[in-house]
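Residues per chain, in single letters:
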Amino acid sequence: MLKVGVIGCGMIGRDHIRRMTEVVTGTQVVAVSEAMVENGRRVAAQYGCKFYEQGEELIADPEVEAVVVCTADDTHARFVLRCIAAGKPVLCEKPLGVSAEECRRIVDAEMQAGKRLVQVGFMRRYDRGYRALKQQIEQGAIGEPLMIHACHRNLSHTHWHTSDMTIKNSGIHEIDVLRWLLGEDYESGQVLTVKQNRSASAGLLDPQIMLLKTKSGTRIDVEVNMSSGYGYDIQCEVVGEQGTLRLPDPATIVVRAGGARSYEIYDDWSKRFIEAYDTEFDEWARSLAHGAPTGPSAWDGYAACLAADTLIRAREAQQPLPIELPETPAFYR
Ligand code: ISE
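Residues numbered from 1 in each chain as written. Predicted model: local features only at pLDDT ≥ 70, side-chain atom pairs only at ≥ 80, totals over all residues. Heavy atoms only, no water.

Novice: Please clarify how the packing of helix α4 (residues 76-86) against helix α5 (residues 100-113) should be interpreted in this entry.
Specialist: Packed helices, taken two at a time, are described by the angle between their axes plus the distance between the axes. At a minimum axis separation of 10 Å, α4 and α5 run at an interaxial angle of 5°. In terms of orientation, α4 and α5 fall into the roughly parallel class. Only Glu 102, Arg 105, Ile 106, Ala 109, Glu 110 and Ala 113 of α5 make contact with α4, whose side of the interface consists of Ala 77, Val 80, Leu 81 and Ile 84. Its residues assigned to classes, the contact of α4 with α5 comprises seven nonpolar, no polar and three charged. (Axes fitted to C-alpha atoms, helices over the stretch in contact; angles between N-to-C directions. Helix = DSSP H or I, 4+ residues; strand = E, 2+ residues; numbered from the N terminus. Parallel < 35°, antiparallel > 145°, perpendicular 65-115°, else oblique. Contact = heavy atoms within 4.5 Å. Nonpolar A, V, L, I, M, F, W, Y, C, P; charged D, E, K, R; others polar.)

Set out below in structure tokens:
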């Protein structure tokens, strides 16, 4: 049984604590930490585990064998670096850091430690639909992929959401999963701002369209839309030389009633990707039992953040910019 400490008891943190307690068989949450002390104590009491005010104290607890980081984005790097220094495996929610430089520091620290410890919470890679798409691409079902049309729609956004978060906090899922799907790095990126949604907050660019080009020339367009007004909707179509592949909607019942045929569209990611999250944690625990994490690495977190940083600069420059990712070090190959 893997004894886990969770830093951050917000929505996603609580969901992972529940998951590791009730769904995944190989994990036990032994400690939690949360800056909002009352909330944290309540969660600790609910799950009968220890509570620490400081994430650093949780990492230092000898009973904690592995750590899950679910705090605000700008604190991720601090906790991940501390886990590496303590030699403890850590699953950090995305993004790995708030800049490519921060992520690079994590990569360097991990390589220096000489052991893979870090996994990034890019849960899309565990989604049944995306896995089936990857399998079909690798089997050559549609020939060489030429283009990908994707969209990432949130029902609505928080009042603190920013134009950069659209790319670095939401669009980063597509940046990662499409790089993984195609098995290649990006060459360049651009962002288009289109006719704006009047229900988005003042000053927020919404929607935005991310354009990416891979090293082999595959073209990708992703609509990232934070105010769809109807649900959380993720779509992806891969166009190849001999056919197309489409990401399936989540399996759900079709209702025929009232003269219509319909099925539910979820309102947030925790429902849309519930099975992917379960698989992610299950496989993480299993991989640690065999010595090291096998999921998205610190390098993947760095690659995604570097592409996101470049896209944000490209949006400001209103032109495509090169995405200059160094060659993958042997340590991560
Ligand atoms: C949110 O912060 C997430 O982490 C979700 O995974 C993402 O799909 C959503 O767009 C974000 O707002």
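That covers the picture; the talk isn't over yet.
Novice: What is the right way to look at helix α7 (residues 163-182) in this model?
Specialist: Owing to its 3.6 residues per turn, the α-helix aligns residues three or four sequence positions apart on the same side. Relative to the 28 Å expected for 20 residues at 1.5 Å per residue, α7 spans 27 Å between its end C-alpha atoms, a close match to the ideal helical length. The largest bend along α7 reaches roughly 60° and is located at Gly 171. In terms of burial, α7 is largely enclosed, as 18 of its 20 residues are buried. Looking at the residues trailing α7, positive phi occurs at Gly 183, about 65°. (Expected span 1.5 Å × (residues − 1). Bend = angle between axes of the 7 residues up to and from the residue. Buried < 20%, exposed > 50% of the residue type's maximum accessible area, 1.4 Å probe, protein only.)

Novice: What am I meant to see in helix α1 (residues 11-23) here?
Specialist: Taking 1.5 Å of rise per residue, 13 residues should cover 18 Å, and α1 covers 17 Å from first to last C-alpha, within 8% of that figure. Every buried residue belonging to α1 is among Ile 12, Gly 13, Asp 15, His 16, Ile 17, Arg 19 and Met 20, and all of these are buried. At its buried positions, α1 is contacted by β1 (2-7), β2 (27-33), α2 (37-47), β4 (66-69), α8 (269-272) and α9 (274-289).

Novice: Help me understand the site of the ligand in this model?
Specialist: If you check the shell around the ligand, you find Lys 94, Met 123, His 152, Asn 154, Asn 169, Ser 170, His 173, Tyr 232 and Trp 269 and nothing else. At 2.6 Å from an oxygen atom of the ligand is found a side-chain nitrogen or oxygen belonging to Lys 94. Within the contact set of the ligand, an oxygen atom lies 3.0 Å away from a side-chain nitrogen or oxygen of Asn 154. Protein coverage of the free-state accessible area of the ligand, which is 300 Å², stands at 86%. The greatest single-element share of the shell around the ligand, amounting to three residues, is contributed by α7. In terms of residue class, the shell around the ligand is made up of three nonpolar, five polar and one charged. (Near = heavy atom within 4 Å. Polar contact = N/O pair within 3.5 Å; in protein donor to acceptor, adjacent residues only side chain to side chain. Areas by Shrake-Rupley, 256 points an atom, 1.4 Å probe, with all protein chains shown as cover.)

Novice: Any chance you could explain the packing of aromatic side chains here in plain terms?
Specialist: Working definition: an aromatic ring pair is given by the centre-to-centre distance plus the angle between the planes. In total, this model carries six aromatic pairs according to the counting rule given. Between Tyr 232 and Trp 269 the ring centres are 6.3 Å apart and the planes differ by 65°, which places this aromatic pair in the edge-to-face class. Here Tyr 232 is found in the loop between β10 (219-225) and β11 (233-240), whereas its partner Trp 269 is found in helix α8, with 37 residues between them in sequence. Assessed through its relative accessible area of 5%, Tyr 232 is described here as buried. When its relative accessible area of 33% is taken as the criterion, Trp 269 is described as partly exposed. One aromatic cluster in this structure is built from Trp 299, Tyr 302, Phe 331 and Tyr 332. (Phe/Tyr/Trp six-rings, centres within 6.5 Å; stacked < 30°, edge-to-face > 60°.)

Novice: When you look at the pairing of β10 in this model, what are you seeing that I'm missing?
Specialist: Both faces of the sheet carry side chains from a regular strand, because those side chains alternate between them. Relative to β10, strand β7 (residues 145-153) is paired through seven bridges, and the arrangement is parallel. In the sheet register, Cys 151 faces β10, and the bridge partner there is Glu 223. In sequence, strand β9 (residues 208-214) turns back onto β10 through a hairpin of four residues, with Gly 217 there showing a positive phi of about 105°. (Pairing = 2+ DSSP bridges.)

Novice: Quick question: what am I supposed to make of empty space enclosed by the protein here?
Specialist: Empty space left among the atoms is revealed by rolling a probe the size of a water molecule over them. Overall, the coordinates contain one cavity of 30 Å³ or more when judged by the stated rule. Taken as a whole, the largest cavity encloses approximately 30 Å³ of empty space. Lining the largest cavity, in full, are Arg 179, Asp 185, Tyr 186, Ala 303, Ala 307, Ile 323 and Leu 325. Residues that form the lining of the largest cavity fall into these classes: five nonpolar, no polar and two charged. (1 Å grid on protein atoms, 1.4 Å probe; cavity = no way out; pocket = protein on both sides within 12 Å on 5 of 7 lines; lining within 4 Å. Points joined across faces, edges and corners; volume = space filled by probe spheres on them.)

Novice: Would you mind going over the nonpolar core with me for this structure?
Specialist: The tendency in soluble globular proteins is for nonpolar side chains to be buried as a group. Grouped together as the largest cluster of nonpolar side chains are 94 residues, with contacts concentrated most on Tyr 130, Ile 175 and Leu 178. If one sorts the elements of this core by residue count, helix α10 (residues 298-317) sits on top with eleven residues. Look past the residues within four positions of Leu 178 in its chain and what remains in contact with it is Ile 148, Ala 150, Tyr 186, Ile 220, Val 222 and Cys 236. (Core = buried A, V, L, I, M, F, W, Y, C linked by side-chain atoms within 4.5 Å.)

Novice: Could you clarify how one ought to interpret the sheet that holds β10 in this entry?
Specialist: Sheet strands pair via backbone hydrogen bonds, and the direction of the pair is either parallel or antiparallel. The strand order across the open sheet built from seven strands is β12-β11-β7-β10-β9-β8-β15, with neighbouring strands paired in mixed fashion. Two strands close off the open sheet at either side, each with one partner strand: β12 (244-246) and β15 (321-322). Relative to β12, β11 runs antiparallel, the two sharing three bridges. From the neighbouring strand, Val 239 faces β12, where its bridge partner is Thr 244. Along the sheet face, α10 touches β8 (186-193), β9 and β15 and points at about 45° away from the line of β8.

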